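# Examination of the molecular architecture
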Amino acid sequence: AQSVSQHNHHVILSEAASLELGCNYSYGGTVNLFWYVQYPGQHLQLLLKYFSGDPLVKGIKGFEAEFIKSKFSFNLRKPSVQWSDTAEYFCAVNARNGNKLVFGAGTILRVKS
Amino acid sequence: GAVVSQHPSWVICKSGTSVKIECRSLDFQATTMFWYRQFPKQSLMLMATSNEGSKATYEQGVEKDKFLINHASLTLSTLTVTSAHPEDSSFYICSAIPLASGNEQFFGPGTRLTVL
C-alpha cells in the first residue's frame, strides 16, 4: 500500500527565510506526485505536480519541488517565503495508472512578518 | 475553470438524523469524484470513489451503509451520512477529475459536519 510521510508538522519561519518541506513516499511502482496548499478557510489548491520528465518542477507562487527517485522523495522548496504563504501544505501521491490520492499528514507553515 | 462546490458548507444535526452533502463540478464533467474525511490536525483520508452511473468503491474500514454515495450525473455526487453520531463529526471534502484532465483532482471547499 502507498504511504506518504511529511517530516514536520509545524514550521515557523520569518519572512524572506528559505523553505524546504520534506516528503517521502512508499510505493513499489511508478507514481505521480503532488503538493497541495490549504490557506486558512479555503479549499485545497494544487501547487505543483510531477508526472514525468524533468524532476525539478516549478509551481505557482514561486514554489518548486524536486523528485529524487532513489530517495523516494519530493521535497517542496521556496527560496524566500512571504507572510501570505502561511497555510497547510500536503504532499500526495497516486499510482501512475490510477487516480486515488494518498495524502501525507500535512505541514502547517506559519510565516512571521 | 475546474471549480468544485459543496453544499452545505457547514451543518449541525442531532444524533440519529441523516445528512446529505452535495458535491458539484460547476464548469466541467466528471465521471469520477472522491470523498475524503479530514479530522482536526490530520490529513485527508479517502473514504470512497464515486463513479457516475455505478456503485461507489469504498475504502477499507468505511461503512457503505453508513456513508451512502450517489453519483447521479456527470456533475453531481452526494454523500449521505445516515443515522449520524457524534463520532461522525468531521470535515468532509470532495474532489473531481475532469474528463479531459487525466489524474489531476480539483477539490471542493469542504463541509463541516457537527453531530450533537
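Structure: see above.
Residues numbered from 1 in each chain as written. Chains lettered and ligands numbered in written order. Predicted model: local features only at pLDDT ≥ 70, side-chain atom pairs only at ≥ 80, totals over all residues. Heavy atoms only, no water.

## Description of the overall build of chain B
The condition that has to hold: Each helix is a run of H or I in the DSSP string that is no shorter than four residues. Each strand is a run of E no shorter than two, and both are numbered from the N terminus. Within these notes, the globule rule equals 2.2 Å times the number of residues to the 0.38 power, and the radius of gyration is based on C-alpha atoms. Relative accessibility under 20% of the residue-type maximum defines a buried residue, over 50% an exposed one, and the middle range a partly exposed one, all with a 1.4 Å probe and only protein chains included. The contact criterion used throughout is that any non-hydrogen atoms of two residues lie within 4.5 Å. Using a 1.4 Å probe, accessible areas were evaluated by the Shrake-Rupley method; residue-level cover was limited to the displayed protein chains. A residue counts as positive if it is Lys or Arg and as negative if it is Asp or Glu; His and the chain ends are not included. By convention, the point assigned to a charge is CZ for Arg, NZ for Lys, CD for Glu and CG for Asp.
Assigned secondary structure in chain B consists of zero helices and 11 strands. Reading chain B from its N terminus to its C terminus gives the helix and strand order β-β-β-β-β-β-β-β-β-β-β. Whereas a compact globule of 116 residues would reach a radius of gyration of roughly 13 Å, chain B reaches 13 Å, a difference of no more than 12%. Its C-alpha atoms put chain B at 40 × 25 × 20 Å along the principal axes. Residues classed as buried in chain B amount to 51% of the 116 residues present. Once local pairs closer than 6 in sequence are excluded, the contacts in chain B between residues at least 24 apart make up 55%. Summed over all atoms, the accessible surface of chain B reaches about 5600 Å², with 54% contributed by carbon and sulfur. Across chain B, the centroid of the 9 positively charged side chains sits 7 Å from that of the 9 negatively charged ones.

## Considerations on the pattern of salt bridges
Think of it this way: side chains of opposite charge can pair up when their charged atoms draw near. Here is the rule we go by: Salt bridge, as used here, is a side-chain nitrogen of Lys or Arg placed within 4 Å of a carboxyl oxygen of Asp or Glu.
By the definition in use, this model includes eight salt bridges over all chains. B:E22 is the salt-bridge partner of B:R24, the closest N and O atoms lying 3.4 Å from each other. Residues participating in the shared-partner salt-bridge network are A:K58, A:E64, A:E66 and A:R77.

## Structural notes on the packing of aromatic side chains
This is how it is decided: Paired rings are identified among Phe, Tyr and Trp, the last through its six-membered ring, by centres lying within 6.5 Å, and are further divided according to the angle between planes into stacked (under 30 degrees), edge-to-face (over 60) and tilted (the rest).
Here the structure, examined in full by the defined rule, presents 15 aromatic pairs over all chains. Seen in terms of ring centroids, A:Y50 and A:F67 are 4.7 Å apart; in terms of plane orientation they differ by 35 degrees. Their pairing is tilted. Remark: A:F67 occurs in strand 8 (residues 64–68) and A:Y50 occurs in strand 6 (residues 45–50); sequence separation between them is 17 residues. Exposure class is identical for A:Y50 and A:F67. Each is buried. Taken together, the ring pairs connect A:F34, A:Y36, A:F51, A:F90, A:F103, B:F34, B:Y36 and B:F107 into an aromatic cluster.

## Overview of the state of the cysteines
This is how the line gets drawn: A pair of sulfur atoms, both from cysteines and within 2.5 Å, is called a disulfide here.
Considering all chains together, one arrives at two disulfides over all chains under this definition. One disulfide in the model links A:C23 with A:C91; its S-S distance is 1.9 Å. Disulfide A:C23-A:C91: torsion about the S-S bond near -65 degrees, hence left-handed. In this pair, A:C23 is assigned in strand 4 (residues 23–26) and A:C91 in strand 10 (residues 87–95), connecting sequence segments 68 residues apart. You can call A:C91 buried: its relative accessible area is 0%. Here B:C23 engages in a disulfide with B:C94; their sulfurs sit 2.0 Å apart. For the disulfide bridge between B:C23 and B:C94, the dihedral angle about the S-S bond is near 80 degrees, and by the sign convention the bridge is right-handed. In this pair, B:C23 is assigned in strand 3 (residues 19–25) and B:C94 in strand 9 (residues 90–97), connecting sequence segments 71 residues apart.

## With respect to the interface of chain A and chain B
Note: interface size is frequently given as the accessible area lost on complex formation between the parts. To be explicit about the condition: The term buried area refers to how much accessible surface (probe radius 1.4 Å) is lost by two components on association, counted for both of them together. Whenever a nitrogen or oxygen atom comes within 3.5 Å of another N or O atom, the pair is scored as a polar contact, on the condition that within protein one atom can donate a hydrogen and the other can accept it, and that pairs from neighbouring residues in sequence are kept only if both atoms are in side chains. Amino acid classes used here: Ala, Val, Leu, Ile, Met, Phe, Trp, Tyr, Cys and Pro are nonpolar; Asp, Glu, Lys and Arg are charged; the rest, including Gly, are polar.
Facing the 21 residues of chain A at the interface are 19 residues of chain B. Taking both partners together, chain A and chain B bury about 1500 Å²; carbon and sulfur atoms supply 53% of that area. Here chain A and chain B share two salt bridges between them. As a salt-bridge pair, B:E59 and A:K100 come within 2.9 Å of each other at their nearest N and O atoms. Counting across the chain A and chain B interface gives three residue pairs in polar contact (both at pLDDT 80 or more). Listed by contribution, the elements that provide at least two residues to the side of chain A that touches chain B are strand 5 (31–38), strand 6 and strand 10 of chain A. No other element matches strand 5 of chain A, which puts four residues into the side of chain A that touches chain B. Grouping the constituent residues of the side of chain A that touches chain B by class yields 10 nonpolar, eight polar and three charged.

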